[in-house]
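Below, each chain spelled out in residue letters.
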Amino acid sequence: MNYMAINNVVLFFYYNYMCCKKSLGLLIIRLGLGWLLLMAGVSKIMGVGPEIIGFIGGAAHQLGLTFLSQEVWFWLAAVSETVAGILFIWWLFLPVASILTIILLGVAFASKGMDIKTGMIDIIFITTALGLGLAGPGKYSLKSLLCKSCGTTDCGTGVCSPKKDNQEVVNA
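Computed from a predicted model, the values in this text were never measured in an experiment.

Draft legend 1. Expanded view of the packing of helix α5 (residues 94-111) against helix α6 (residues 116-135). Where α5 contacts α6, the axes come no closer than 9 Å and their chain directions differ by 165 degrees. In this view, α5 runs roughly antiparallel relative to α6, as classed from their interaxial angle. Here the hand of the crossing between α5 and α6 comes out left-handed. Counting all contacts with α5, which are made through Leu-94, Ser-98, Thr-101, Ile-102, Leu-105, Gly-106, Ala-108 and Phe-109, the residues of α6 involved are Ile-116, Gly-119, Asp-122, Ile-123, Phe-125, Ile-126, Ala-129, Leu-130, Leu-132 and Gly-133. Along the lines of polarity and charge, the residues of the contact of α5 with α6 split into 12 nonpolar, 5 polar and 1 charged.

Draft legend 2. Up close: helix α4 (residues 70-90). Helix length check: α4, at 21 residues, gives a terminal C-alpha distance of 30 Å against a target of 30 Å (1.5 Å per residue), a fit within 8%. Those residues of α4 lying buried are Trp-73, Phe-74, Ala-77, Ala-78, Ser-80, Glu-81, Thr-82, Ala-84, Gly-85, Leu-87 and Phe-88. Residues of α4 that are buried make contact with α2 (21-46), α3 (50-62), α5 and α6.

Draft legend 3. Molecular detail of α5. Taking 1.5 Å of rise per residue, 18 residues should cover 26 Å, and α5 covers 26 Å from first to last C-alpha, within 8% of that figure. Among the residues making up α5, those that are buried are Leu-94, Ala-97, Ser-98, Thr-101, Leu-104, Leu-105, Phe-109 and Ser-111. In this fold, the buried residues of α5 make contact with α2, α3, α4 and α6. One or two positions beyond α5, positive phi appears at Gly-113, with a value near 75 degrees.

Draft legend 4. Summary view of the packing of aromatic side chains. The tally for this structure, following the rule as stated, stands at 2 aromatic pairs. Arranged with centres 5.5 Å apart and planes meeting at 75 degrees, the rings of Phe-67 and Trp-73 form a pair that is edge-to-face. For Trp-73, a relative accessible area of 17% puts it in the buried group. Summarising the aromatic geometry, the rings of Phe-74 and Trp-75 are spaced 5.1 Å apart at their centres and angled 75 degrees between planes, so their arrangement reads as edge-to-face.

Draft legend 5. Layout of the pattern of salt bridges. Per the stated rule, a full pass over the model turns up 2 salt bridges. Salt-bridge contacts for Lys-44 lead to Glu-81; the nearest nitrogen and oxygen are separated by 2.7 Å. Separated by 37 residues along the polypeptide, Lys-44 in helix α2 and Glu-81 in helix α4 bring together distant segments of the chain. Comparing Lys-44 with Glu-81, the two get one shared label, buried. Note that Asp-122 and Lys-112 form a salt bridge whose closest N and O atoms lie 2.8 Å from each other. Linking Asp-122 in helix α6 with Lys-112 in the loop between α5 and α6, this pair joins segments that are 10 residues apart in sequence. The partly exposed category is assigned to Lys-112, whose relative accessible area is 35%.

Draft legend 6. Quick look at the nonpolar core. Formed by 20 residues in total, the largest nonpolar core has its most connected members in Leu-33, Leu-37, Phe-88, Leu-105 and Leu-132. Looking at this core, the elements that each hand over two or more residues are α2, α3, α4, α5 and α6. Tallying contributions element by element places α4 first for this core, with 6 residues. Look past the residues within four positions of Leu-33 in its chain and what remains in contact with it is Phe-88, Phe-125, Thr-128, Ala-129 and Leu-132.

Draft legend 7. A look at the layout of surface pockets. Size it by volume and the largest pocket reaches roughly 620 Å³. Lining the largest pocket we find 26 residues, and of these Ile-56, Ala-77, Leu-104, Val-107 and Ala-108 sit closest to its centre. When contributions to the lining of the largest pocket are tallied by element, the ones reaching two or more residues are α2, α3, α4, α5 and α6. Looking at which element gives the most residues to the lining of the largest pocket, the answer is α5, with 7 residues. Classifying every residue of the lining of the largest pocket by side-chain character gives 19 nonpolar, 3 polar and 4 charged.

Conventions adopted
- Residues numbered from 1 in each chain as written.
- Predicted model: local features only at pLDDT ≥ 70, side-chain atom pairs only at ≥ 80, totals over all residues.
- Heavy atoms only, no water.
- Axes fitted to C-alpha atoms, helices over the stretch in contact; angles between N-to-C directions.
- Helix = DSSP H or I, 4+ residues; strand = E, 2+ residues; numbered from the N terminus.
- Parallel < 35°, antiparallel > 145°, perpendicular 65-115°, else oblique.
- Left-handed = near helix turned anticlockwise from the far one by under 90°.
- Contact = heavy atoms within 4.5 Å.
- Nonpolar A, V, L, I, M, F, W, Y, C, P; charged D, E, K, R; others polar.
- Expected span 1.5 Å × (residues − 1).
- Buried < 20%, exposed > 50% of the residue type's maximum accessible area, 1.4 Å probe, protein only.
- Phe/Tyr/Trp six-rings, centres within 6.5 Å; stacked < 30°, edge-to-face > 60°.
- Salt bridge = Lys/Arg side-chain N within 4 Å of Asp/Glu carboxyl O.
- Core = buried A, V, L, I, M, F, W, Y, C linked by side-chain atoms within 4.5 Å.
- 1 Å grid on protein atoms, 1.4 Å probe; cavity = no way out; pocket = protein on both sides within 12 Å on 5 of 7 lines; lining within 4 Å.
- Points joined across faces, edges and corners; volume = space filled by probe spheres on them.

As far as function goes, none of this settles anything; it's purely spatial.
Encoded structure:
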């Protein structure tokens, strides 16, 4: 194979695939975070028992959040993790998913005494959720697909806005 053929293959790959690397990267991160949150929430729901309720609910009570019972805190955490996971996977209501994740794991991190060794995974989840919330969905999302199909633009606020004259459909 000569140099020109290799160069043409590289250019073909670059122009056809690498131009979409931001959206593809966001998709991979979004699916990974969403899957982990979904599985964590479902495992909490499936493994309901007094010890796990006491552990999860006790974390909120350690922080002085005693206005709700440990059972209520447990169900809030389990359902919030599950819902946030689904929202990240489908990339719907991004602000809700990001805020749920940041609050949930912020409480988890704080209940561990803000110790870096024991709370490292919480910090990773928090920064990933914050980064995804700031970066936006990219073009591989259900919201983006819905906006494109109905002739609207994605203004980044989580809702579709009507397309203005001489404006193309925008997908980051």
